[in-house]
Amino acid sequence: MKKASSLSELGFDADGPSFFRHLSLADGDGALPRRRLIKISVIGAGNVGMAIAQTILTQDLADEIILIDAVADKVRGEMLDLQHAAAFLPRVNIVSGTDVSLTRSSDLVIVTAGARQIPGETRLNLLQRNVSLFRRIVPAAAEASPESLLLIVSNPVDVLTYVAWKLSGFPASRVIGSGTNLDSSRFRFLLAEHLEVSAQDVQAYMVGEHGDSSVALWSSISVAGMPVLAHLQKNHRSSAASKTKQFDEAALEGIRRAVVGSAYEVIKLKGYTSWAIGYSVASIAWSLLRDQHRIHPVSVLAKGLVRGIPADRELFLSLPARLGRAGVLSVAAELVLTDEEERRLRISAETLWGYCNALGL
Ligand SMILES: NC(=O)C1=CN([C@@H]2O[C@H](COP(=O)(O)OP(=O)(O)OC[C@H]3O[C@@H](n4cnc5c(N)ncnc54)[C@H](O)[C@@H]3O)[C@@H](O)[C@H]2O)C=CC1
Ligand SMILES: CC(=O)C(=O)O
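Residues numbered from 1 in each chain as written. Chains lettered and ligands numbered in written order. Predicted model: local features only at pLDDT ≥ 70, side-chain atom pairs only at ≥ 80, totals over all residues.

**Section: the nonpolar core**
Keep this limit in mind: By convention in this section, buried Ala, Val, Leu, Ile, Met, Phe, Trp, Tyr and Cys residues joined through C-beta atoms within 7 Å make up a nonpolar core. Here a residue counts as buried when 20 or more other C-beta atoms sit within 10 Å of its C-beta, as exposed when there are 12 or fewer, and as partly exposed otherwise, the C-beta atoms being derived from the backbone. The numbering of helices and of strands both runs from the N terminus, where a helix is a DSSP run of H or I of at least 4 residues and a strand a run of E of at least 2. Residue ranges for the domains originate in an automatic or database domain assignment. Whether two residues are in contact is decided by their C-beta atoms, placed from the backbone, lying within 7 Å.
Ranked by internal contacts, the top residues of the largest apolar core, which has 90 residues, are Ile-56, Ile-65, Ile-110, Leu-151, Ala-164, Ala-285 and Val-300. Tallying contributions element by element places helix α4 (residues 157-168) first for this core, with eight residues. Each of two domains, domain 1 (36-177) and domain 2 (180-359), supplies a minimum of three residues to this core. If near-sequence neighbours (up to four positions away) are discounted, Ile-56 is found in contact with Ile-40, Leu-61, Ala-62, Ile-65, Ala-282 and Ala-285.

Here it is as structure tokens:
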């Protein structure tokens, strides 16, 4: 039996099934204007890119998702696998390929392409490999979507966000790094476990580098509007000795280290991290494209915003930022910090500026 090569040969009409009658509602006849479609591109369809794409799909945020990867078969396989979930998801056009020009006229371009850490490696170890990749990807993506927002995820994310800003020529308000949005979620998770509340009710920020020098803002943690640090200091019990112990500097530093160590632990156990960064980036994408004005700790141009760092130093690091359709709407520059928090943020900024400056961009 000869196989029909397309659905139209089987009698399906390209304009829709013939068993639906077409109602032609001209403008003025009551037809609503069509909503502007939202196009999101993900460059790098590895573990992280696919976790982001899959989370965005479940959020009903995008009308079109473009997946780009250097490996043609892999990205086509990923596309088909997601397309096959069509019956369970909102209608989204999913396209894939190796050519960055497919991302043309995106509202949001998310970059996750690049090398990832092997166990024991730091994020900063990836810099040279990923900068050369960014020199190929970013100018092409910026040319294809000159009005888009650019959201960088590849590591080291703060330095690569600086690189993307330089290479794209975009205003800093439209170049954002996923930064410590993920670290802050890990921080809130650990605090929430300790306090036996939902992480969504814990207000707590990690700022600075998404990496080893990140800074936990202990002084500003709150639950239901109540400051938490004093409570923790009074009530912390050492689980090992099962006796009341001062919730001291060492204990606080232990929790910060646990946050910083989270990625290393997951990478040691499963080879990479993916689900949490998928949710983290999807939530940033939602705040941007739905113009939510929500505050996220993300990597932004922090020139002149870190006390003690000369105002002419161009570097990206995470500070709480208000995000909307235009990108970064404003940054919380007047953080109330203890002397120790301020000292640590300065060290984080100096570390990042050293890497950005050495690139000579
Ligand atoms: N900012 C954050 O919080 C996080 C960042 N990451 C970073 O995300 C990046 C990706 O991690 P994974 O997805 O686990 O790695 P992966 O190895 O699974 O995926 C990377 C993908 O990039 C693709 N790629 C390489 N060169 C490309 C090019 N020129 N154009 C398009 N695609 C290209 C590869 O083919 C591969 O599919 C790493 O740098 C990792 O460190 C990972 C987790 C969290
Ligand atoms: C790999 C990485 O940057 C993270 O999971 O935090």
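**As for the site of ligand 2**
Using the following cut-off: For each residue, a C-beta atom is positioned from the backbone; the residue is called near a molecule or strand if that atom sits within 6 Å of it. Throughout this entry, Asp, Glu, Lys and Arg are counted as charged residues, while Ala, Val, Leu, Ile, Met, Phe, Trp, Tyr, Cys and Pro are counted as nonpolar. The remaining residues, Gly among them, count as polar.
Around ligand 2, a shell composed of Arg-123, Asn-155, Leu-182, Ala-263, Thr-273 and Ile-277 is seen. For the shell around ligand 2, the per-class residue count stands at three nonpolar, two polar and one charged.

**Observations concerning helix α5 (residues 181-195)**
Note on helix geometry: an α-helix contains 3.6 residues per turn, so any two residues three or four positions apart are oriented the same way. The condition is simple: Expected helix span is given by 1.5 Å per residue-to-residue step, counting one fewer step than there are residues.
For α5, built from 15 residues, the straight-helix expectation of 21 Å at 1.5 Å per residue is met to within 8% by its first-to-last C-alpha distance of 21 Å. Along α5, the residues that are buried comprise Asn-181, Leu-182, Asp-183, Ser-184, Ser-185, Arg-186, Phe-187, Arg-188 and Leu-191. Those residues of α5 hidden inside the fold are in contact with β7 (202-203), β8 (206-207), β9 (215-216), α7 (249-270), α8 (275-289) and β14 (294-301). Directly beyond the C-terminal end of α5, a positive phi value near 55° is found at Glu-196.

**Quick notes on the site of ligand 1**
In the vicinity of ligand 1 lie 31 residues, with Gly-46, Val-48, Ala-70, Ala-113 and Asn-155 positioned nearest. Those elements that place two or more of their residues in the shell around ligand 1 are α1 (47-58) and α3 (127-144). Split into classes, the residues belonging to the shell around ligand 1 amount to 16 nonpolar, twelve polar and three charged.

**Let's talk about the domain arrangement of the protein chain**
For the protein chain, the domain assignment lists domain 1 (36-177) and domain 2 (180-359). Measuring from the centre of the C-alpha atoms in domain 1 to the corresponding centre in domain 2 gives 24 Å. On the domain 2 side, the residues contacting the 38 residues of domain 1 number 34 residues. Elements that contribute at least two residues to the side of domain 1 that touches domain 2 include exactly α1, β4 (108-111), α3, β5 (149-152), α4 and β6 (175-177). In terms of residue class, the side of domain 1 that touches domain 2 is built from 24 nonpolar, nine polar and five charged.

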